[in-house]
Amino acid sequence: ASSVNMEMIKKLRSESGAPIKDCKKAIEECGDDLEAALEWMRKQGTLVRGKRANQEASQGLIGISFAENGETAALLEMSTETDSAARIDLFHNLIAGVSQSILK
């Protein structure tokens, strides 16, 4: 892409919060028209992800794992938008798995 297109992609990404590939596709579809690209993304449903980017992840858990030798540990904080998500086993297992991976 030309430098003008890269600038457009950066600007669209900044405004939409959408992935770069989606921004590039929107600009290609709309001929470098930023407003038209934003509208095209709305119609495609691409901006739905961008809306969630502004939601605060104020709930979550802290996990800690210790190495078998007891000399090292991993401390992990993982956040989520809702307390109900933090209570499910899948979330607990994810924290345990990631903290164990950090030790390796």
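Engineer: Honestly, the overall build of the chain in this entry has me stumped. Any pointers?
Structural biologist: What the chain contains, in helices and strands, is 6 helices and 2 strands. Start at the N end of the chain and walk to the C end: the helices and strands fall as α-α-α-α-β-β-α-α. When burial is assessed residue by residue, the chain has 28% of its 104 residues classed as buried. As presented, the chain carries roughly 7,400 Å² of accessible surface, and 50% of it is formed by carbon and sulfur atoms.

Engineer: Looking at this model, I keep getting lost on a nonpolar patch on the surface. Mind explaining?
Structural biologist: A surface patch of nonpolar side chains, amounting to about 470 Å² of accessible area, comprises Ile62, Ile64, Phe66 and Leu75. The dominant element in the nonpolar patch, judged by the number of residues it contributes, is strand E1 (residues 59–66), at 3 residues. Note on placement: Leu75 falls in strand E2 (residues 73–80). Of the residues examined, Leu75 reaches a relative accessible area of 63% and is grouped as exposed.

Engineer: So what exactly am I meant to see when it comes to a negative patch on the surface here?
Structural biologist: On the surface, Glu15, Asp32, Asp33 and Glu35 cluster together into a patch of negative charge. Along the chain, Asp32 falls in the loop between helix H2 (20–30) and helix H3 (34–44).

Engineer: Got a minute to help me understand the pattern of salt bridges in this structure?
Structural biologist: When the charged atoms of two side chains lie near each other, side chains of opposite charge can form a pair. Evaluated as defined, the whole model comprises 6 salt bridges. Residue Lys21 pairs with Asp22 through a salt bridge whose shortest N-O separation is 3.8 Å. The class for Lys21 is exposed, based on a relative accessible area of 63%. Taking the shortest distance from any N to any O, the salt bridge between Glu28 and Lys24 comes out at 4.0 Å. Taken together, the residues Glu28 and Lys24, both in helix H2 and 4 residues apart, mark about one turn of the helix. Look at Glu28 and you get exposed, because its relative accessible area is 52%.

Engineer: Before we go on, may I ask you to explain the environment of Ala37 in this structure?
Structural biologist: On the secondary structure map, Ala37 appears in helix H3. Here Ala37 falls in the buried class, since its relative accessible area comes to 0%. Sequence-wise, Ala37 and Lys24 are 13 residues apart; in three dimensions their C-alpha atoms are separated by 9.3 Å. Among residues more than four places away in sequence, those in contact with Ala37 are Leu12, Ala26, Ile27 and Cys30.

Engineer: Where do I start with the pairing of E1 in this structure?
Structural biologist: Two faces make up the sheet, and in a regular strand the side chains alternate between them. Examined bridge by bridge, E1 and E2 share 8 bridges and lie antiparallel to one another. The residue of E2 that forms the bridge with Gly63 is Leu76. Where E1 hands over to E2, the hairpin turn is made up of 6 residues, of which Gly70 adopts a positive phi near 75°.

Each value, and the rule that gives it
Residues numbered from 1 in each chain as written. Predicted model: local features only at pLDDT ≥ 70, side-chain atom pairs only at ≥ 80, totals over all residues. Heavy atoms only, no water. Helix = DSSP H or I, 4+ residues; strand = E, 2+ residues; numbered from the N terminus. Buried < 20%, exposed > 50% of the residue type's maximum accessible area, 1.4 Å probe, protein only. Areas by Shrake-Rupley, 256 points an atom, 1.4 Å probe, with all protein chains shown as cover. Patch = residues over 30% accessible without salt bridge, like charges linked within 9 Å, V, L, I, M, F, W, Y side chains within 5 Å. Salt bridge = Lys/Arg side-chain N within 4 Å of Asp/Glu carboxyl O. Lys, Arg positive; Asp, Glu negative; His and termini not counted. Charge placed at Lys NZ, Arg CZ, Asp CG, Glu CD. Contact = heavy atoms within 4.5 Å. Pairing = 2+ DSSP bridges.

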